[in-house]
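# Examination of the molecular architecture
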Amino acid sequence: MQLTDPLLQPFVLKRCTLRNRVVSTSHEPAYTEEGMPKRRYRRYHEEKAKGGVGLTMMGGSAAVAPDSPAAFGNLHIYKDEIVPWLRELAYGVHENGAAVMCQITHLGRRTSNYDGDWLPVIAPSAIREPAHRAFPKVAEEWDMDRIVRAYADAAERCRVAGLDGIEIEAYTHLLDSFWSPLTNHRDDQYGMGSLEDRLRFPLRVIRAVRQAAGPDFAVGIRMSLDEDLPGGLQLDEGMQIAQRIVAEGIDFISVIKGYMASDEALSRVIPPMGTPVAPHLEFAGKVKQALSIPVMHAARINDVATARHAIRDGLIDLVGMTRAHIADPHIVAKIQAGQEDRIRPCAGASYCLDEIYQNRDAKCVHNASTGREDRMPHHIPATTGPPRRAVVVGGGPAGLEAARVLGERGHRVTVFEAADAPGGQIRLAASSLRRRDLISIIEWRLAECKLLGVDIRTNCYAEADDVLAADPDVVIIATGGAPSSEFLNEGAHLVVDGWDVLCGAVHPRGQVLFYDDNGGHPGLDAVEVLVRSGAAEVEFVTPERILAPDVGGVNYPGYFKVFAEHDVRVTLNERLTAVRRKDGRFEVDLYNEYARATRHRLVDHVVVEHGTRPQDQLYFELVPGSTNLGAVDQDALLRLGSQHIASNPEGRYQLFRIGDAVASRNIHAAIYDAFRLCVVI
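The name given to the protein in an unreviewed UniProt entry is N-methylproline demethylase, with the source organism recorded as Mycobacterium stomatepiae. Looking at the protein in UniProt, the text filed under Sequence similarities (unreviewed entry) is "In the N-terminal section; belongs to the NADH:flavin oxidoreductase/NADH oxidase family."

As structure tokens, then:
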């Protein structure tokens, strides 16, 4: 396979030989500690190196100066103290056979005035960026002088630390904001409308970086060659810029198409699920044909077949599978082992990015170990004790993850699933056409369970006697939750829920009031299905001050597009308290906490999304017969230790519940529950 698979062919980049063509491109998972890439950051990149990646690139937007404050946990590459941490990381990655580079940048206006050292952010012109909302100061000559030095110093730190190269970021940041006609309205020698003037400052930076890097250190650039916006940079001018910077010593280009100053534009640069696979790959191929240096590209290339096509057909030299490596850092190792079918798929949920843009850290929606490599394994070790008989009740994401992990440990596992097919709420969510890729989270676990010999029994509504008949040593209750309308003071029996819409049990028509106080994907998914039917006029009502606060910036543009196309009316700050019949329709009470007033509305149907309530009856029936009475040693759970509570000497089995059987939460929480509990059983 090494001899024939185009993905596994080595590639020489400057003086560095990469063992294959697969790259995890520059990104910032926000695992920094005080701007430094310490243990957690290092282990994250080491894991990908262990998994066989050719090149792992870190420091998405590593900041070269204090007036480029971290927007999402960025590395402080402007501090000398970072060098030992970079050196340690480089050593760990190199020991595992991969190369490592760091992206450096000045964020310009793409950050906040109200963070870090509270220095004013700068830009070529005083144009506010929509996403981060900062009004920038117009860069003066002395600003440009010091930033040129800052870039050069950052490059030298990376070289001294033993990295294999750096990548300059130039899409929606300071450098490209000078050459973009969207953001450079200057009337001096750094503007004046001509490309030559707009390139004056960026070329100064590139020359300084090239000199500081020395002749053997790779210097690349990640840049947009077409901003894909009216009045923005177009491909012809983008190619002129690329040719100029190659002449100044740039060694490789990572191709971007688009612009990121708004959330909608960002969602096209980094496409989420429901969009075509590799939408900019042909564009990158055109760029490669026109350039004499290596070209890499990453944008929703989340499967091996597409990546292989990109290299085999000569569209690019190096293929970025960045989100795919967040889902499974061992992609290359599995290809080499002939286990391509066991690669954990990237579902395209973009939970990783949404978490970052909500000021948290990157998490894969269905790999709990990513970002937790310092304490949670990606390879599940076999149990050191005798195999145990385990019963899992519920075949949703929590139950299937529990079954998979217990199977990997070597236990004998039986799963009881009440429905005719496993999947739980994910199967419902995937009924929305745009969210259909979520089903891969279930399909992968089913395939793994089959390989591990897990016995999955569908159409089995398990009762206590069924569980006990299996004579289990361990029982995991993963029965999930059910929709709840009990929050209403009146009329709970008159409403339907989002599940009813998603599964097609109801087809509301006419004026529909959709009430959502969950704030996540489920309500928006149901509204999307509802409005695409074309039979309903929908008003989306929420007590929140913004629409769906738990849906992040990469995903909500898709929902907003649907809302706009179907004229969904959005009402904020209103809480549904009661529903009653009136004149053949439904009268609703909407309470506004700010005005302390209730107003009434007549509609044809009311649909609610209020999360779920645990389906925990079976769990409580089984508690008296368990050794631990259902209790969890949380200290042991958090340190990944075994559960040894034995408060009931008459008990026959350990009993635990996970996922929404505990409380209404999301997919990642369900899988995390299952993994950290079962990986030590």
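## Observations regarding the domain arrangement of the protein
Split into domains, the protein comes out as domain 1 (11-358), domain 2 (389-482 + 614-679) and domain 3 (485-610). When each unit is reduced to the centre of its C-alpha atoms, the spacing between domain 1 and domain 2 is 40 Å. Taken together, the 10 residues of domain 1 in the interface contact 14 residues of domain 2. Carbon and sulfur atoms supply 54% of the area that domain 1 and domain 2 bury against each other, a total of about 1100 Å² over both sides. Together, Met273, Arg342 and Arg344 form the three largest contributors to the area buried by domain 1 at its contact with domain 2, with a combined 50%. The interface formed by domain 1 and domain 2 holds three salt bridges in total. One salt bridge in this structure joins arginine 300 and aspartate 437, with 3.1 Å as the shortest N-O distance. Taken together, domain 1 and domain 2 are joined by five residue pairs in polar contact (both at pLDDT 80 or more). Per-class residue counts for the side of domain 1 that touches domain 2 are six nonpolar, one polar and three charged.

## Focus: empty space enclosed by the protein
Taken as a whole, this structure holds six cavities of 30 Å³ or more when the rule is applied. In this structure, the largest cavity occupies an estimated 520 Å³ of space. If you go around the largest cavity, you meet 37 residues; those closest to its centre are Ser26, His27, Arg222, Ile270 and Leu353. At the level of elements, strand E4 (55-63), helix H11 (322-327) and helix H13 (351-357) are the ones that each hand at least two residues to the lining of the largest cavity. The residue makeup of the lining of the largest cavity, split by class, is 20 nonpolar, 11 polar and six charged. As for the second largest cavity, its lining consists of 14 residues, of which Cys346, Ala349, Ser350, Cys364 and Val365 are closest to the centre. Secondary structure elements with two or more residues in the lining of the second largest cavity: H11 and H13.

## Quick word on the sheet that holds strand E22 (residues 575-582)
Here three strands make up an open sheet; going across it, the order is E22-E23-E24 and the pairing antiparallel. A single partner strand is all that each edge strand has here, and the edge strands are E22 and strand E24 (597-603). Adjacent strand axes in the sheet meet at a mean angle of 25° when their direction is disregarded. Examined bridge by bridge, strand E23 (residues 585-592) and E24 share seven bridges and lie antiparallel to one another. When the sheet's bridge partners are listed, aspartate 589 is paired in E24 with histidine 600.

## Considering the pairing of strand E20 (residues 536-541)
Counting buried residues along E20, five of its six residues qualify, which places the element largely inside the surrounding structure. Where strand E19 (residues 510-516) and E20 come together, six bridges link them in parallel fashion. Paired with tyrosine 515 across the two strands is valine 541, which belongs to E20. As paired strands, E20 and strand E21 (residues 569-571) are joined by three bridges and run parallel to one another. Each residue of the ladder has a partner; that of valine 541, found in E21, is threonine 571. Between the parallel pair E20 and E21, the chain is carried across by helix H20 (residues 556-565), and the sense of this crossover is right-handed.

## Topic: the sheet that holds strand E13 (residues 389-393)
Across the sheet, five strands lie side by side as E15-E14-E13-E16-E27; this open sheet has parallel pairing. Of all strands in the sheet, those bounded by a partner on one side alone are strand E15 (455-457) and strand E27 (654-657). Strand-to-strand twist in this sheet, taken as the mean axis angle between neighbours without regard to direction, amounts to 15°. Relative to strand E14 (residues 412-416), E13 runs parallel, the two sharing five bridges. Bridge pairing links valine 392 to valine 415 in E14. Across the sheet, helix H14 (residues 397-409) is in contact with E13, E14, E15 and strand E16 (474-477); its angle to E13 comes to roughly 165°.

## Things to note about the pairing of E13
Burial within E13 is extensive, with four of its five residues counted as buried. You can see the chain leave E13, run along H14 and come back into E14, and the turn it takes is right-handed.

## A look at the side chain of glutamine 103
Structurally, the position occupied by glutamine 103 is in strand E5 (residues 99-105). Within the local environment of glutamine 103, its side chain forms a polar contact with the side chain of glutamate 167, the two groups lying 2.9 Å apart. Filtering out sequence-adjacent residues up to four positions away, glutamine 103 remains in contact with Ser26, Met58, Gly59, Gly60, Ser61, Ala62, Glu167, Glu169 and Arg222.

## Describing the packing of aromatic side chains
All told, the structure shown has nine aromatic pairs when counted by the stated rule. On the basis of an interplanar angle of 45° and a centroid distance of 4.7 Å, the ring pair of phenylalanine 178 and phenylalanine 201 is categorised as tilted. Of this pair, phenylalanine 178 sits in helix H4 (residues 174-179) while phenylalanine 201 is found in helix H6 (residues 200-213), placing the two residues 23 residues apart along the sequence. Classification of phenylalanine 178 by relative accessible area gives buried; the value is 0%.

Conventions used here
Residues numbered from 1 in each chain as written. Predicted model: local features only at pLDDT ≥ 70, side-chain atom pairs only at ≥ 80, totals over all residues. Heavy atoms only, no water. UniProt positions renumbered as here; feature names shortened; annotations may be inferred. Domains from an automatic or database assignment. Contact = heavy atoms within 4.5 Å. Buried area = accessible area lost by both parts, 1.4 Å probe. Salt bridge = Lys/Arg side-chain N within 4 Å of Asp/Glu carboxyl O. Polar contact = N/O pair within 3.5 Å; in protein donor to acceptor, adjacent residues only side chain to side chain. Nonpolar A, V, L, I, M, F, W, Y, C, P; charged D, E, K, R; others polar. 1 Å grid on protein atoms, 1.4 Å probe; cavity = no way out; pocket = protein on both sides within 12 Å on 5 of 7 lines; lining within 4 Å. Points joined across faces, edges and corners; volume = space filled by probe spheres on them. Helix = DSSP H or I, 4+ residues; strand = E, 2+ residues; numbered from the N terminus. Pairing = 2+ DSSP bridges. Axes fitted to C-alpha atoms, helices over the stretch in contact; angles between N-to-C directions. Buried < 20%, exposed > 50% of the residue type's maximum accessible area, 1.4 Å probe, protein only. Right-handed = clockwise from strand over helix to strand, strands pointing away. Phe/Tyr/Trp six-rings, centres within 6.5 Å; stacked < 30°, edge-to-face > 60°.

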